[in-house]
Amino acid sequence: MRVIKQFFVRYKSKDIYLFIKFLRCICVVSALIATNSYAAEKVIEDYEIKGLSGDLENNVALYLKQLIGEKPTRTLRRYAQKQVQNSIKALGYYSPTVEVIYDKDDSELIVKVERGPATRIEAINITLNGDGQNDTQLQALIKNTNLKQGDVLNHGRYDSAHKKIESMLLELGYFDAKWPARKLEVSLNKNSAVITFVIDTGVRYQFGDIKIASNTPAEKYIRSLAPFTQGQPYKSTHIADYNLDLSSTPYFASVRVYADIAARKNSQVPIKVDVLHKPANSYEIGGGFSTDLGPKVRFKWSKPWITEDGHYLETNLNVAQKQQDISMAYTIPVDDPNDDLWRFSAGYKLEDELTNDTYSEILTGQIQRQWLTENKWVRTAFLRRDQETYRIGDEEEESTEMLMPGISYARKKSKGGTTPYWGEQWLISAEFGLDDVLSSTNLIRVQMQHAWLRTYLEKHLVFLKANVGAMLVDDIENVPYSLRFYAGGDQSVRGFAYQSISPENDDGDLIGGKYLLTSTIEYNYQFAQNWRAALFVDGGTATNDFSDDFEVGAGFGFRYLTPVGPVRIDHAWGLTKESKSTRLSITIGPEI
């Protein structure tokens, strides 16, 4: 106490007052720092939207999701209110009432909205000037935009319509197109909007000369493959088709085709072609796996340019556990190295125990003439010579020979590359042999294969397939093993072993049939970016007199989408088998 008294005696009362005030300030500042530190630890963890549903709620949620993890400040609340208002206006509600608050813990952002009246499209005025005024494709696009008089205004649809028209102008060659007017006028009093597009398309450019960037011996084919002629109205899809056709030839490692828009003049645009030739000798090594053949390795050697006329040579070696084959083909292009050509080929194929107690080796030579019809079918006329030695079960080895002229028609259309989402494929063939002309038996053989693929609502894929074949022959046992019809396996009726569906002889050996019928119904659902789940039913028979059972297999599977095509893993039950046993099948590659 004496010390305290001495302290107060020494200092004046005014000094004491100032000292106490200083201590109070320090306490207040410390409290503020502590409070701010506590607040700094708080972040927004969730949000709640009241008064909205459907697209409006989803659009507001897109903005609010970005605020998760932010500090709950006044500035943020004002920003959130403004963004919510803008997101509602984008869908046609220009007078919303928006209240943004935090919950008591400052961890949840609560948005209360009264959307107000809808702004509807009162009029749509789109005017085309220039060559595009009479362009039916442009007119059809404008007619089918998502902008409709009387609809609630949607800024996304407005922007989309503008972009689609701009894209179509470029696609059709209106490279000088301008927009003298592009307006969206909104009346808050009338809750209405007027859309105005004035488009000066200018001239529609035509295809100009093809300019090849470097010297190439393939100039003849580069020009002949062009799906357009100089002076024809420009269309960008022709450029894409041209690029694809050149890439499909055996000559080029890379291809780039584009319109040189900067060099356009006199209403024409030149087309530039850049190609890089493959080396004189090209080699490819690959592999794969299927439950029918087991692991397999593939080796390919090709010489893509042998003569001045573009002849090319290709050899293939495929080695699997139960099947090996080697082939060589020499091709002579006529006008189109893809679809108009002569081909001379030879090959050897060995199958040992591919199915129970079977053995086959076949030596083949073939001459074929291939060309494209007006309806885009690939027509192939061929003459094939086969010499085959085979054994079925405990029977003695048989040797046969066939000289078979024939013809086939094939067509394939698909979208999506190695993982198609749309497609259709046909293969129809007919061939015959005469025992008086270097053949072991009289034979007429026809076959038709069809596959159909569609995708609905982006995630639902439907795949259908059918394979029908028939032979006119006196005795199936006179037909070479490789020409007989069998069913069963990964590419036929899943749930049954490879070529296990077949008529049997008295010893129980599978001898093959004169007739074939198989079909597939498959549904895929894409549940993740690279994954699909599948359900399927397969059915089929190979028979000589239609007395054999129609076998059915069904199951489920998964598809993992890769750059080389789907990896398909299926588990199937042979529903009509006595054992009802199951089989696992693994294949790699697209459905079409």
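A quick note: this is a predicted structure, and the numbers were derived from the prediction, not measured.

**As for the packing of aromatic side chains**
Item 1. Applying the stated rule across the entire model yields 19 aromatic pairs.
Item 2. Note on Tyr481 and Tyr486: the rings are 5.7 Å apart at their centroids and 55° apart in plane angle, and the pair reads as tilted. Here Tyr481 matches Tyr486 in class, with each residue buried.
Item 3. Counting every residue linked through ring pairs, the aromatic cluster contains Phe175, Tyr205, Phe207, Phe228, Tyr234 and Tyr242.
Item 4. Above the face of the Tyr258 ring, Arg256 is positioned so that its terminal group lies 4.0 Å from the ring centre.
Item 5. Note that Arg494 overlies the ring of Phe536, its terminal NZ or CZ placed 3.8 Å from the centroid.

**Side note on the pairing of strand 2 (residues 97–102)**
Item 1. Residues Val98, Val100 and Tyr102 point to one face of strand 2 and are all buried, whereas Thr97, Glu99 and Ile101, pointing to the other face, are not buried.
Item 2. When strand 2 meets strand 3 (residues 108–114), the two strands line up antiparallel, connected through six bridges. Paired with Tyr102 across the bridge in strand 3 is Leu109.
Item 3. In this antiparallel pair of consecutive strands, strand 2 and strand 3, the connection spans five residues, and Asp106 shows a positive phi of 60°.

**Focus: the confidence of the model for the protein chain**
Item 1. Of the residues in the protein chain, 93% reach a pLDDT of 70 or more, and the chain-wide mean stands at 90.
Item 2. Here residues 32–40 is a poorly scored stretch, pLDDT under 50, and it has one contact once near neighbours within four places are set aside; other chains count.

**Points about helix 5 (residues 136–143)**
Item 1. Residues of helix 5 that are buried: Leu138, Leu141 and Ile142. Buried residues along helix 5 cover an arc of 100° about the axis, so they all sit on one side. Opposite the packed face of helix 5, turned more than 90 degrees from it, sit the exposed residues Thr136 and Lys143.
Item 2. Contact partners of the buried residues in helix 5: strand 4 (120–129) and helix 6 (155–171).
Item 3. Sitting at the head of helix 5, Asp135 places a side-chain oxygen 2.9 Å from the backbone nitrogen of Gln137.

Cut-offs applied
Residue numbering note: each chain is counted from 1, following its sequence as written. Owing to the predicted nature of the model, reporting of local features is limited to residues with pLDDT of at least 70; listing and counting of side-chain atom pairs is limited to 80 or more, with chain, interface and lining totals taken over all residues. Derived side-chain values reflect all non-hydrogen atoms in the structure, with water molecules and hydrogen atoms excluded from consideration. Centre distance within 6.5 Å is the pairing criterion for rings of Phe, Tyr and Trp, where only the six-membered ring of Trp is used; planes under 30 degrees apart are then read as stacked, over 60 as edge-to-face, and the remainder as tilted. Accessible area is worked out with a 1.4 Å probe on protein chains only. A residue is then buried under 20% of its type maximum, exposed over 50%, and partly exposed in between. Remark: a charge is flagged as sitting over a ring if the NZ atom of Lys or the CZ atom of Arg is within 6 Å of the ring centre and within 35 degrees of the ring normal. Only DSSP runs of H or I with at least four residues qualify as helices, and only runs of E with at least two residues qualify as strands; both kinds are numbered from the N terminus onward. Criterion used throughout: strands pair if DSSP finds at least two bridges between them. Each residue carries a pLDDT score, the predictor's own confidence in it, on a scale running from 0 to 100. A contact between two residues is defined here by any heavy atoms of the two lying within 4.5 Å. Directions from the helix axis toward the C-beta atoms define the arc. Nitrogen and oxygen atoms within 3.5 Å of one another constitute a polar contact, given that in protein one can donate a hydrogen and the other can accept it, and given that sequence-neighbouring residues count only through two side-chain atoms.

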